[in-house]
Amino acid sequence: QVKRCGKNNFRFFAPELNAHHQERIEIENDLRSALDRNQFELYYQPQISLSRQRVVGVEALLRWNHPDKGVVGPDTFIPVAEEVGMIGDISRWVLETACQQLADWRAAGFDELKMSLNLAPHDFDRENIVEMVTNCIGHYRIPASKLELEITESMMMQDTVGVAAKVRELRQAGIGVAIDDFGTGYSALAYLQKLPVSVLKIDRSFVRDLDGLMTNPIISAITGIAKGFGMQIIAEGVEHAQQARTLRALGCDVMQGFFFGCPLKADEALSLIGSTPRAV
Ligand code: C2E
Ligand code: MG
Ligand code: MG
Ligand code: MG
């Protein structure tokens, strides 16, 4: 039985933004006051280790509690926020909130837990992104190794604002950097050679395609690349025990997906963090 959390988790009220010009304008207007009105909330999805049988991290996923529209998912408003230049303020709020939350959970005894959060391309336009992140973890007394920043391949490819240099600085500071949705962009693998990222996240489209055989050329290729570079792997979008078993057989130990847990509000996430993952 698959837990269908994503589907009814929030409304995709404007899937084709262009076709809904009016709605798009509404989002844009409302978005400007969302931060001040405290309408954003982070949900946390567990990342589990099969071999260690525990939750080893959480990914922070942003939601917008809209007064009329209900809970709005990030795919609807992050692109708008980027366009209207609001993403920097939102990312700062996400960073601050996630670090504060991790500090709380660390104080409650979960001091091995890692926090992962998503950054947008524009975040790297910011001259002081590295300073902002290191200041934040310093303030909350979070070891650098417990924070992981997820970026996409396309951000690495168009290196106009020195993304690579900033990634290197983050890694030198001990902060984790993950390539999100790995293998779905138009990337040449060459960038991996220049970038000391610590984690490759296997995109859920590859996990969805696992067909029950204990072999899969794409997953094997990705785990091979990760091993070669000394990077860790996280598989996302695991919805069935069978997918988890296949991933394990192919050398992937850490995974996240609806099978193990939905993105949850902080208090609900806490009870999952302390419990043993579902058996596969
Ligand atoms: P992502 O970082 O690749 O996040 C994974 C997405 O897959 C999440 O959708 C999550 O709810 C969904 N997911 C997790 N497990 C499963 C599963 O088993 N099956 C299926 N079908 N889906 C699963 P969500 O929360 O809607 O986020 C979508 C994207 O929005 C994220 O993709 C990320 O790129 C972006 N995003 C989320 N939060 C933030 C944020 O704080 N800042 C920025 N810049 N982007 C964010
Ligand atoms: Mg992500
Ligand atoms: Mg992803
Ligand atoms: Mg994604």
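Within an unreviewed UniProt entry, the label attached to the chain reads EAL domain-containing protein, and the organism entered is Azoarcus taiwanensis.

Student: Any details on the packing of aromatic side chains? Residues and values, ideally.
Tutor: Inspection of the entire model under this criterion finds six aromatic pairs. Seen from their ring centres, tyrosine 44 and tryptophan 105 are 5.0 Å apart, and the 75 degrees between their planes marks the pair as edge-to-face. Separated by 61 residues along the polypeptide, tyrosine 44 in strand S1 (residues 40-49) and tryptophan 105 in helix H4 (residues 87-107) bring together distant segments of the chain. Tryptophan 105 carries the same exposure label as tyrosine 44, and that label is buried. One aromatic cluster is present, built from ring pairs that chain together Phe40, Trp64, Phe77 and Trp93.

Student: Please provide a residue-by-residue account of the pattern of salt bridges, values included.
Tutor: Evaluation of the coordinates by the stated rule reveals ten salt bridges. Put simply, lysine 69 and glutamate 23 hold a salt bridge, and the shortest N to O gap is 3.2 Å. Residue lysine 69 is located in the loop between strand S2 (54-66) and strand S3 (70-72), and its partner glutamate 23 is located in helix H2 (residues 21-34); the two are separated by 46 residues in the primary sequence. Note on accessibility: lysine 69 and glutamate 23 belong to one class, buried. Two residues, lysine 201 and glutamate 150, come together in a salt bridge whose shortest N-O distance is 2.8 Å. Linking lysine 201 in strand S7 (residues 199-202) with glutamate 150 in strand S5 (residues 147-152), this pair joins segments that are 51 residues apart in sequence. Looking at lysine 201, the relative accessible area reads 0%, which means it is buried. A cluster of three or more residues bridged by salt bridges with shared partners is formed by Arg24, Glu28, Arg32 and Glu83.

Student: Can you explain the site of ligand 1? Please cite residues and give values.
Tutor: Taken together, 24 residues lie around ligand 1, and Arg63, Asp180, Arg204, Glu239 and Phe258 are the ones closest in. At 2.6 Å from an oxygen atom of ligand 1 is found a side-chain nitrogen or oxygen belonging to arginine 204. Bound to the protein, ligand 1 loses 87% of the 800 Å² it would expose on its own. For the shell around ligand 1, the secondary-structure elements that each account for two or more residues are S2, helix H3 (74-83) and strand S6 (176-182). Take the shell around ligand 1: its biggest share by element is four residues, from S2. For the shell around ligand 1, the per-class residue count stands at eleven nonpolar, four polar and nine charged.

About the criteria used
- In every chain, residue numbers begin from 1 and rise along the written sequence.
- Whichever chain is written first becomes A and whichever ligand is written first becomes 1, with later ones labelled in order.
- It should be noted that, the model being predicted, local features are given only for residues of pLDDT at least 70 and side-chain atom pairs only at 80 or more, the latter also being counted only at that level, while totals for whole chains, interfaces and linings use all residues.
- Only hydrogens and water are set aside when side-chain values are computed; all heavy atoms of the structure are taken into account.
- We call Phe, Tyr and Trp rings a pair once their centres come within 6.5 Å, taking the six-membered ring for Trp, and we label the pair stacked below 30 degrees between planes, edge-to-face above 60, and tilted otherwise.
- A run of DSSP states H or I qualifies as a helix once it reaches four residues; a run of E qualifies as a strand once it reaches two. Both are numbered from the N-terminal end.
- Relative accessibility thresholds used throughout: buried, under 20% of the residue-type maximum; exposed, over 50%; partly exposed, between the two (1.4 Å probe, protein chains only).
- Each salt bridge in this description consists of a side-chain nitrogen of Lys or Arg and a carboxyl oxygen of Asp or Glu lying within 4 Å of one another.
- Put simply, a residue is near a molecule or strand once any heavy atom of it comes within 4 Å of that molecule or strand.
- Distance and chemistry together define a polar contact, namely a pair of N or O atoms within 3.5 Å, with one atom able to donate a hydrogen and the other to accept it when in protein, and with adjacent residues in sequence counting only for side-chain atoms on both sides.
- Here the open area of atoms and residues is found with the Shrake-Rupley method and a 1.4 Å probe, where only the protein chains shown may cover a residue.
- The nonpolar class holds Ala, Val, Leu, Ile, Met, Phe, Trp, Tyr, Cys and Pro. Asp, Glu, Lys and Arg form the charged class, and all remaining residues, Gly among them, are polar.

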